[in-house]
Amino acid sequence: MLSYHYVRENVAAGCIRFAFIRGEYNPADTLSKHWAYQAVWPLIQPILFWKGDTSNIAKLKEEKGKKEKDKDDD
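The pLDDT averaged across the protein works out to 77; a share of 80% of its residues lies at or above 70. At the low end of the mean pLDDT range in the protein sits helix α4 (residues 55-73), at 70; at the high end sits helix α1 (residues 2-13), at 86.

Structure, rendered in structure tokens:
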């Protein structure tokens with residue numbers, strides 16, 4: 001019951017806002033409903049295939065590997 005009052009007070013203060021999100025735009029619905037592949041793929045694709053710069057990640061892995069190798073040599 002305490003959590004109910006916390007949420008109610010924050011909604012009244014304007015800290016939290018609830019909004020309706022249609023299922024075809026809500027990625028969480030893909031986990032709870034049976035959808036056709038064509039309807040789900042646009043929601044899942046950005047989550048599965050992050051379109052960011054990964055060159056920095058490869059460089060960090062390479063540096064980490066060198067440090068581990070140097071520790072093994074000591």
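Moving on, we get to the side chain of Asn10. Among the secondary structure elements, Asn10 is positioned in helix α1. Sequence-distant contacts of Asn10, that is, excluding residues within four places in its chain, are made with Cys15 and Ile16.

Together, Tyr6, Val7, Val11 and Phe18 make up a nonpolar patch on the protein surface, roughly 410 Å² of accessible area in all. Looking at the secondary structure, you find Val11 in helix α1. Look at Val11 and you get partly exposed, because its relative accessible area is 36%.

A few words on the packing of aromatic side chains. Ring pairs (aromatic) are described by centroid distance and by the angle formed between their planes. Throughout the structure, instances matching the rule amount to 1 aromatic pair. Centroid distance Trp41 to Phe49: 6.0 Å. Interplanar angle 65°. Geometry classified as edge-to-face. Here Trp41 falls in the partly exposed class, since its relative accessible area comes to 28%. Here Phe49 falls in the partly exposed class, since its relative accessible area comes to 46%.

Conventions used here
- Residues numbered from 1 in each chain as written.
- Predicted model: local features only at pLDDT ≥ 70, side-chain atom pairs only at ≥ 80, totals over all residues.
- Heavy atoms only, no water.
- pLDDT = per-residue confidence, 0-100.
- Helix = DSSP H or I, 4+ residues; strand = E, 2+ residues; numbered from the N terminus.
- Contact = heavy atoms within 4.5 Å.
- Patch = residues over 30% accessible without salt bridge, like charges linked within 9 Å, V, L, I, M, F, W, Y side chains within 5 Å.
- Areas by Shrake-Rupley, 256 points an atom, 1.4 Å probe, with all protein chains shown as cover.
- Salt bridge = Lys/Arg side-chain N within 4 Å of Asp/Glu carboxyl O.
- Buried < 20%, exposed > 50% of the residue type's maximum accessible area, 1.4 Å probe, protein only.
- Phe/Tyr/Trp six-rings, centres within 6.5 Å; stacked < 30°, edge-to-face > 60°.

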